Amino acid sequence: MNSLIDKYNIPGPRYTSYPTVPYWDESSFSPELWKQSVIRTFNESNAEEGISIYIHLPFCEALCTFCACHKRITKQHSVEIPYLESVLKEWQLYLNLFNEKPKLKELHLGGGTPTFFSPQNLKTLLEGIFETVEIAEHQEFSFEGHPNNTTKEHLQTLYDLGFRRVSFGVQDYDLKVQKAINRIQPFENVQRVTEWAREIGYRGISHDLVFGLPHQSWEAMEYTIRKTMELKPDRLAFYSYAHVPWVKGVGQRGFDENDLPSGEEKRRLYEDGKKLLEELGYIEVGMDHFSLEHDDLYQSLIQKKLHRNFMGYTSSKTQLMVGLGMSAISDSWYAFAQNVKTVEEYQKIVEEGQIPVVKGHILNDEDLTVRRHILNLMCQLETTFDINNSFPELENAFEMLKEMEKDELVEINGHYIQITEKGRAFTRNVAMVFDLRMMRNKPETRIFSMTI
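Cut-offs used in this document
Residues numbered from 1 in each chain as written. Predicted model: local features only at pLDDT ≥ 70, side-chain atom pairs only at ≥ 80, totals over all residues. Heavy atoms only, no water. UniProt positions renumbered as here; feature names shortened; annotations may be inferred. Axes fitted to C-alpha atoms, helices over the stretch in contact; angles between N-to-C directions. Helix = DSSP H or I, 4+ residues; strand = E, 2+ residues; numbered from the N terminus. Parallel < 35°, antiparallel > 145°, perpendicular 65-115°, else oblique. Left-handed = near helix turned anticlockwise from the far one by under 90°. Contact = heavy atoms within 4.5 Å. Pairing = 2+ DSSP bridges. Buried < 20%, exposed > 50% of the residue type's maximum accessible area, 1.4 Å probe, protein only. Arc of directions from axis to C-beta. Phe/Tyr/Trp six-rings, centres within 6.5 Å; stacked < 30°, edge-to-face > 60°. Lys NZ or Arg CZ within 6 Å of the ring centre and 35° of its normal.

An unreviewed UniProt entry lists the protein chain under the name Coproporphyrinogen-III oxidase, with Chryseobacterium profundimaris as the source organism. Under the UniProt heading Subunit (unreviewed entry), the entry covering the protein chain gives this text: "Monomer." If you open the UniProt record of the protein chain and go to Subcellular location (unreviewed entry), you find "Cytoplasm".

Here it is, written out as structure tokens:
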């Protein structure tokens, strides 16, 4: 395995989209084309499958130095209401594009720290959206909660509004690791919010764990996993720490590069962590995700309905996902768009009556073909690939896949390609084989985290 790590541990995307953001063609994108794409997709899919909404709530009271998300650090809670008013105004700009009431199937509150906002302010925001939509019969509403500031009132308020899934960021219980990433969070805090959520009736409780953090040892990782098992969440995200200190504003200089586990050590954290999780009853679902058998994520994998987008893995798919808030990314299937990345600029543009997109990408036929293959691999660990009916450059992909077949990472049977159990850890590498835009424009500097 170590020789495979040396061979395949290279910078690579996490493929929450294709093309990935660094390869978006901004020259052919415009806000007007984006709006046309949204209208097209809404008309094609709203009646049958509905839409998804992602709301980016960027505020945090303290900076966690492992985090690469777009956020604003402040202790001033006076920022809450003006920001949420802007989100509702942005939503109205999208409503103006639709010829019928949207059917809301999926809603996720991310950040930042959604639980930075008071329960009452979150309720006002959500009721403002709900009064403009039809709620789908089998909706899935979820939010990210910080164990240190999520209150029972947060959980009850959101439950009463239809939320049944909550994800708590744990990362690691080792105090030395917590100090390095500026996230002091005792087990008791996580236990309290998890038990509250279960008592209230949440049926999808998730914990996020991260391997590869500074000073992290296998002993610390094993301790974290075994403590997590005392609470038995329905699903787990077991993320690889993405070390991207060159990205502006990520704050990943709270520790020295030498404090990070080596590639071999990090690999052990994943391999032994995965083995322990499976011994404890969890099943690997897609890349980085594990769940118990009863969880919707596992059921969607079995039924081949697992989907991946900018919110990560989801158990259902909508063709249109509208991202609201500063830096939020939207997906109309035929196009992507990202909002401006500062709170002030976001609020100014919305106030002027404009959808606040700053960049995006219109997918061409080749993009749509490649996107389908990468989604198949990321969600189902398989795809059917016909060279004769594909783009010529994808022939090179087949040659690279043959090399991976020799390394027992994939199995090829005619046009059918399947990632093996051994190859699961290298899913990103297999997907990269199809990434024509990256092949044509190899980056001169690091723009992605390491795949392993």
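Back to the write-up after that little detour.
Enquirer: I'm lost on the packing of helix H3 (residues 80–95) against helix H11 (residues 343–351) in this one. Help?
Expert: The N-to-C vectors of H3 and H11 enclose an angle of 45 degrees; their axes lie 9 Å apart at closest approach. Of the possible angle classes, the one that applies to H3 and H11 is oblique. Here the hand of the crossing between H3 and H11 comes out left-handed. Here Pro 82, Tyr 83, Ser 86, Val 87, Lys 89 and Glu 90 of H3 come into contact with H11, specifically with Val 343, Tyr 346, Gln 347, Val 350 and Glu 351.

Enquirer: What is the right way to look at the sheet that holds strand S19 (residues 416–419) in this model?
Expert: The strands that make up a sheet are held in pairs by hydrogen bonds between backbone atoms, and each pair lies either parallel or antiparallel. Strand order across the open sheet formed by three strands is S17-S19-S18, with antiparallel pairing between neighbours. Of all the strands in the sheet, just strand S17 (382–384) and strand S18 (410–413) have a single pairing partner and so form its edges. The sheet shows a mean angle of 15 degrees between the axes of neighbouring strands, direction not considered. Bridge analysis of S17 against S19 gives three bridges, and the strand direction is antiparallel. Its bridge partner lying in S19, Glu 382 is registered against Gln 418. Here helix H12 (residues 365–380) sits on the sheet in contact with S17 and S19, set at roughly 150 degrees to S17. Packed onto the sheet, helix H13 (residues 394–406) meets S18 and S19 and runs at close to 120 degrees relative to S18.

Enquirer: For this particular structure, what's the right way to read H11?
Expert: Note on helix geometry: an α-helix contains 3.6 residues per turn, so any two residues three or four positions apart are oriented the same way. When we look at burial in H11, the residues that qualify are Val 343, Tyr 346, Ile 349 and Val 350. Buried residues of H11, viewed axially, fall in a sector of 140 degrees; they line one side. Every exposed residue of H11 that faces more than 90 degrees away from the buried side is listed here: Lys 348 and Glu 351. Here the buried face of H11 lies against strand S2 (59–60), strand S3 (72–73), H3 and strand S15 (335–339). Of the residues flanking the end of H11, it is Gly 353, one or two places downstream, whose phi is positive at about 85 degrees.

Enquirer: Hey, could you run me through the environment of Val 166 in this one?
Expert: Mapping Val 166 onto the fold places it in strand S6 (residues 165–171). Sequence separation between Val 166 and Phe 143 is 23 residues, and the spatial gap between their C-alpha atoms is 5.1 Å. Each residue touching Val 166, except ones within four places of it in the same chain, is listed here: Phe 143, Gly 145, Leu 155, Ala 197, Tyr 202, Gly 204, Ile 205 and Ser 206.

Enquirer: I tried to follow the packing of aromatic side chains on my own but got confused; where do I start?
Expert: Any aromatic ring pair is given by two values, namely how distant the centres are and how the planes are angled relative to each other. Enumeration according to the criterion identifies 20 aromatic pairs in this entry. Ring plane angle 10 degrees and centroid distance 4.0 Å describe the contact between Phe 42 and Phe 98, whose orientation is recorded as stacked. Taken together, the positions of Phe 42 in helix H2 (residues 31–49) and Phe 98 in the loop between H3 and strand S4 (103–111) put the pair 56 residues apart, joining distant regions of the chain. Here the two residues Phe 42 and Phe 98 agree in accessibility, since each one is buried. Geometrically, the ring pair formed by Phe 141 and Phe 163 is tilted, given 5.5 Å between the ring centres and 55 degrees between the ring planes. With Phe 141 in strand S5 (residues 134–145) and Phe 163 in the loop between helix H5 (152–160) and S6, the pair connects residues that are 22 residues apart, well separated along the chain. Residue class for Phe 163 comes out buried when judged on its relative accessible area of 0%. The rings of Phe 130, Phe 141, Phe 143, Tyr 159, Phe 163 and Tyr 202 are connected pair by pair, giving a single aromatic cluster. A cation sits over an aromatic face here: Arg 164 above Tyr 159, 3.7 Å from the ring centre. A cation over an aromatic ring shows up here: Lys 317 above the ring of Trp 333, its NZ or CZ 5.6 Å from the ring centre.

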